[in-house]
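Single-letter residue listing:
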Amino acid sequence: MTDMTAIRSLHDLSFSALERELERGGVRPIHARALWASMYRGAAREAWLPPLRQWMERVAPEQFIPEAPEVTADTESSDGLTRKFLLRLRDGQEVESVLMGYEGRYTACLSTQAGCAMGCRFCATGQMGFVRHLRPGEIVAQVLHCRQALGDRGHLRNLVMMGMGEPLHNYDAVMEALGIITDTRGLNIGPGRITVSTVGVVPGILRMAEERRPYNLAVSLHGASEEERAALIPVSRKWPLADVIAACRTYGKATGRRIFFGWTLIAGVNDSEAQAERLAALLQGIDAHVNLIPLNPTTGFEGEEAPVSAALGFQRVLATAGIPSTVRQRRGIDVAAGCGQLKSEKQRARGRGDV
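Cut-off values and rules
Residues numbered from 1 in each chain as written. Predicted model: local features only at pLDDT ≥ 70, side-chain atom pairs only at ≥ 80, totals over all residues. Heavy atoms only, no water. Helix = DSSP H or I, 4+ residues; strand = E, 2+ residues; numbered from the N terminus. Buried < 20%, exposed > 50% of the residue type's maximum accessible area, 1.4 Å probe, protein only. Contact = heavy atoms within 4.5 Å. Polar contact = N/O pair within 3.5 Å; in protein donor to acceptor, adjacent residues only side chain to side chain. Pairing = 2+ DSSP bridges. Right-handed = clockwise from strand over helix to strand, strands pointing away. Patch = residues over 30% accessible without salt bridge, like charges linked within 9 Å, V, L, I, M, F, W, Y side chains within 5 Å. Areas by Shrake-Rupley, 256 points an atom, 1.4 Å probe, with all protein chains shown as cover. Salt bridge = Lys/Arg side-chain N within 4 Å of Asp/Glu carboxyl O. 1 Å grid on protein atoms, 1.4 Å probe; cavity = no way out; pocket = protein on both sides within 12 Å on 5 of 7 lines; lining within 4 Å. Points joined across faces, edges and corners; volume = space filled by probe spheres on them. Nonpolar A, V, L, I, M, F, W, Y, C, P; charged D, E, K, R; others polar. Axes fitted to C-alpha atoms, helices over the stretch in contact; angles between N-to-C directions. Phe/Tyr/Trp six-rings, centres within 6.5 Å; stacked < 30°, edge-to-face > 60°. Lys NZ or Arg CZ within 6 Å of the ring centre and 35° of its normal. Parallel < 35°, antiparallel > 145°, perpendicular 65-115°, else oblique. Left-handed = near helix turned anticlockwise from the far one by under 90°.

Hey, could you run me through the environment of Arg257 in this one?
Structurally, the position occupied by Arg257 is in the loop between α10 (241-255) and β10 (259-265). Residue classification places Arg257 among the partly exposed positions, given a relative accessible area of 24%. When the C-alpha atoms of Arg257 and Lys238 are compared, they prove to be 26 Å apart, with 19 residues separating the residues in sequence. Residues contacting Arg257, with those up to four places away along its chain left out, are Gly192, Arg213, Pro214, Tyr215, Asn216, Tyr251 and Gly252. Within the local environment of Arg257, its side chain forms a polar contact with the backbone oxygen of Tyr215, the two atoms lying 3.4 Å apart.

This is the structure in structure tokens:
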């Protein structure tokens, strides 16, 4: 297996890092702009001047791998609004990216790790365990793939780091990738249109606050008491609910940004109005918006989706407490759009010899 810590891709490099690499290779940094435009804006390589051409032919192939994951599955929902890709990386690991269409816009959901160490009970990725972190270039490559797949059907407007893996467990690579993605000379996706999701990695939340990161923060709760949350999210024993909420308060004060809290509604587990009241009390004083998410079924979890009546009752309690919420649409169920589901299905099929 390839040692992914020992390789580099041009897509791992920020603009300033690319300038330094060119200078190290005897090429004036001014050529970085032409190379960057070709990488991220589709600019013609014919515009490259000889020094850049020579560097790309002589130095780049020896020091940088091509960042072009192989598509091993491409499935589209019956309504045509959700498209899911299973992408094979250089070492054979596979990650998922999802392209979701809404009125007038498209959103891409990106993976940040192969597998996940958080072990959330109802999550297909958590059930498969952790393999490795993705490099910045492997995250950026997902954006490039989604944009290419979209073609002229629309504009890729929003990104959510909610695919396979825990983004704040791979903090440095994720932030490096987002710096590349938001660079106005290239992909130019606005920071305010990017959401970083976490299951509650307290050091990462506090670091985002300290560094004043301009991205939206989404925090998965799923339980309003330590016991309820730990039953669904084992890592809550490392970062207890009280510490997560305290970190969110620190983040809110430092950044002035609204925090989006995720709550997966599971029938008979966390969908009661009493639990909604506890959640409302927990979030008092925080500029919060709660996303109520219907459970995506997985073979490794026996829970069932909460009925619509429970979701609406939960939402009414939050509204009475002055906390806005949204009952999210179920998207892409027929293409296993929940993170990790497509990979899990493909692995089971390969085990049966179906693929």
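Picking up after the structure, the text goes on.
Honestly, the pairing of β10 in this entry has me stumped. Any pointers?
Burial of β10 is extensive: six of the seven residues sit out of reach of the surface. Bridge count between strand β9 (residues 216-220) and β10: four bridges; the pairing is parallel. Bridged to Ser220 within β10 is Gly262. Bridge count for β10 against strand β11 (residues 288-294) is seven bridges, and the pairing is parallel. In the sheet register, Phe260 faces β11, and the bridge partner there is His289. This β-α-β element, β10 to helix α11 (residues 273-282) to β11, shows right-handed connectivity.

Sorry, what's going on with a nonpolar patch on the surface here?
A cluster of nonpolar side chains, namely Val308, Leu312 and Val327, defines an oily patch on the protein surface of about 240 Å² accessible area. Of note, Val308 is situated in helix α12 (residues 308-320). For Val308, a relative accessible area of 60% gives the class exposed.

I keep staring at the layout of surface pockets and nothing clicks. Help me out?
To find the voids left in a structure, one rolls a probe of water-molecule size over its atoms. Of the pockets and cavities examined, the second largest pocket occupies roughly 330 Å³. Around the second largest pocket sit 16 residues that line it, and Leu10, His11, Met39, Arg45 and Pro66 are the ones nearest its centre. When contributions to the lining of the second largest pocket are tallied by element, the ones reaching two or more residues are α2 (32-41) and α4 (60-63). Looking at the lining of the second largest pocket, the element that brings in the most residues is α2, giving three residues. Of the residues that constitute the lining of the second largest pocket, the class distribution is eleven nonpolar, three polar and two charged.

Would you explain the pattern of salt bridges in this entry?
Oppositely charged side chains are able to pair whenever their charged atoms sit close together. Tallied over the full model, the rule gives 18 salt bridges. Where Glu138 meets Arg132, a salt bridge forms, and the shortest distance between an N and an O atom there is 2.9 Å. A relative accessible area of 12% places Arg132 in the buried class. Overlapping salt bridges, with partners in common, bring together Asp12, Glu67, Asp91, Arg132, Arg135 and Glu138 in one network.

What exactly am I supposed to notice about the sheet that holds β10 here?
Sheet strands associate in pairs through backbone hydrogen bonding, adopting either a parallel or an antiparallel arrangement. The mixed open sheet is built from ten strands, whose spatial order is β1-β2-β3-β4-β7-β8-β9-β10-β11-β12. Only two strands of the sheet have a single neighbouring strand rather than two, namely β1 (70-76) and β12 (325-327). When the angles between neighbouring strand axes are averaged without regard to direction, this sheet yields 20 degrees. Pairing between strand β7 (residues 156-161) and strand β8 (residues 194-198): three bridges, direction parallel. For Leu159, the partnering residue across the bridge sits in β8 and is Ile194. The strands that α12 touches are β10, β11 and β12; relative to β12, the one it contacts most, it runs at about 170 degrees.

Would you mind showing me how to read the packing of aromatic side chains here?
The relation between two aromatic rings is expressed through the spacing of the ring centres and the mutual angle of the planes. Per the stated rule, a full pass over the model turns up five aromatic pairs. Between Trp263 and Phe314, the ring centres sit 5.4 Å apart and the planes meet at 45 degrees, which makes this aromatic pair tilted. Note that Trp263 is positioned in strand β10 and Phe314 in helix α12, a separation of 51 residues in sequence. Phe314 sits in the buried class, given a relative accessible area of 0%. Here a set of aromatic residues connected by ring pairs shows up, and it is made of Phe15, Trp36 and Tyr40. The ring of Tyr102 is capped by Arg105, whose NZ or CZ atom sits 4.5 Å from the centre of that ring. Of note, Arg185 hangs over the ring of Phe15, and the distance from its end group to the ring centre comes to 3.7 Å.

Quick question: what am I supposed to make of the packing of helix α6 (residues 136-150) against helix α7 (residues 171-182) here?
The packing of two helices is summarised by the inter-axis angle and the distance between the axes. Between α6 and α7, the least distance of the axes is 8 Å, while the angle of their chain directions is 45 degrees. Classified by the angle their axes make, α6 and α7 are oblique. Here the hand of the crossing between α6 and α7 comes out right-handed. Where α6 approaches α7, its residues Pro136, Ile139, Val140 and Val143 are matched on the opposing element by Ala173, Val174, Glu176, Ala177, Ile180 and Ile181. Of the residues contributing to the contact of α6 with α7, the split by class is nine nonpolar, no polar and one charged.

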